[in-house]
Amino acid sequence: MDKLLNDFSFGLFFWQILLFVGLLLLLRKFAWKPILEAVNNREEGIKNALESAEEARKEMQNLQADNERILNEARAERDGMLKEARQLKENMITDAKSEAQAEADKIVAQAQATIESEKKAAIADLKSQVAGLSVEIAEKVVRKELADKDKQLELVESMLGDVTLN
């Protein structure tokens, strides 16, 4: 039985090895290539995904740099616009002050001219009234003086004396 067992184990061993080699050949022919191909495809996919992720990271950095540049440009433009608005405001205030001063000067000049013309009119009216009063007073004095004949002759002689001297 030992021999039988020996033969049986050797035969079983032989068949197992033969089946194993056959299975390896079948696997190599039908399964090994698709498995290796799937592993290679997966490896290639992972490699592509890593490259895409790296490109995306670089693109994100570029976008962040562009965003920062755009923000800086926008800030500079905003600052420029604010400066321009302040300058415009100051110019408008200066212009308004100048116009107001010119208008005030014009009003003062008109008021002074009005005052001067009214002053001249008042002086002329006063002169007219003084002249009228003077004439009235002179008329009353002359009437009083001329009421007497001797005084009339004396007045005429003094006037003639004044005229001949001139």
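Here is what the cut-offs are and how they apply
- Residues numbered from 1 in each chain as written.
- Predicted model: local features only at pLDDT ≥ 70, side-chain atom pairs only at ≥ 80, totals over all residues.
- Heavy atoms only, no water.
- Helix = DSSP H or I, 4+ residues; strand = E, 2+ residues; numbered from the N terminus.
- Rg over C-alpha atoms; globule rule 2.2 N^0.38 Å.
- Buried < 20%, exposed > 50% of the residue type's maximum accessible area, 1.4 Å probe, protein only.
- Areas by Shrake-Rupley, 256 points an atom, 1.4 Å probe, with all protein chains shown as cover.
- Lys, Arg positive; Asp, Glu negative; His and termini not counted.
- Charge placed at Lys NZ, Arg CZ, Asp CG, Glu CD.
- UniProt positions renumbered as here; feature names shortened; annotations may be inferred.
- Patch = residues over 30% accessible without salt bridge, like charges linked within 9 Å, V, L, I, M, F, W, Y side chains within 5 Å.
- Salt bridge = Lys/Arg side-chain N within 4 Å of Asp/Glu carboxyl O.

**Student:** Help me understand the overall build of the protein chain, please; the structure alone is not making it clear to me.
**Tutor:** Looking only at helices and strands, the protein chain features 2 helices and 0 strands. Since a compact globule built from 166 residues should have a radius of gyration of about 15 Å, the 66 Å found for the protein chain marks it as more spread out than a globular shape. Across its three principal directions, the C-alpha atoms of the protein chain cover 210 × 30 × 20 Å. Taking all 166 residues of the protein chain together, 1% fall into the buried category. When the accessible surface of the protein chain is split by element, carbon and sulfur atoms take 63% of a total near 15500 Å². Counting 24 positive and 31 negative side-chain charges, the protein chain places the centres of these two groups 8 Å from one another.

**Student:** Mind showing me how you'd approach the UniProt feature "coiled-coil region" (unreviewed entry) in the protein chain here?
**Tutor:** According to UniProt, the feature "coiled-coil region" (unreviewed entry) maps to residues 36-91 in the numbering used here. The span residues 36-91 carries 100% helix and 0% strand; its end-to-end C-alpha distance comes to 81 Å.

**Student:** Help me understand a negative patch on the surface in this model?
**Tutor:** A cluster of acidic residues, Glu 43, Glu 44, Glu 51, Glu 55 and Glu 59, forms a negative patch at the surface. Position of Glu 55 relative to the elements: it lies in helix α1 (residues 2-146).

**Student:** Any chance you could explain a nonpolar patch on the surface here in plain terms?
**Tutor:** On the surface, a cluster of nonpolar side chains totalling about 1200 Å² of accessible area is made up of Phe 10, Phe 13, Phe 14, Trp 15, Ile 17, Leu 18, Phe 20, Val 21, Leu 23, Leu 24, Leu 25 and Leu 27. Take Phe 10: it is sitting in helix α1.

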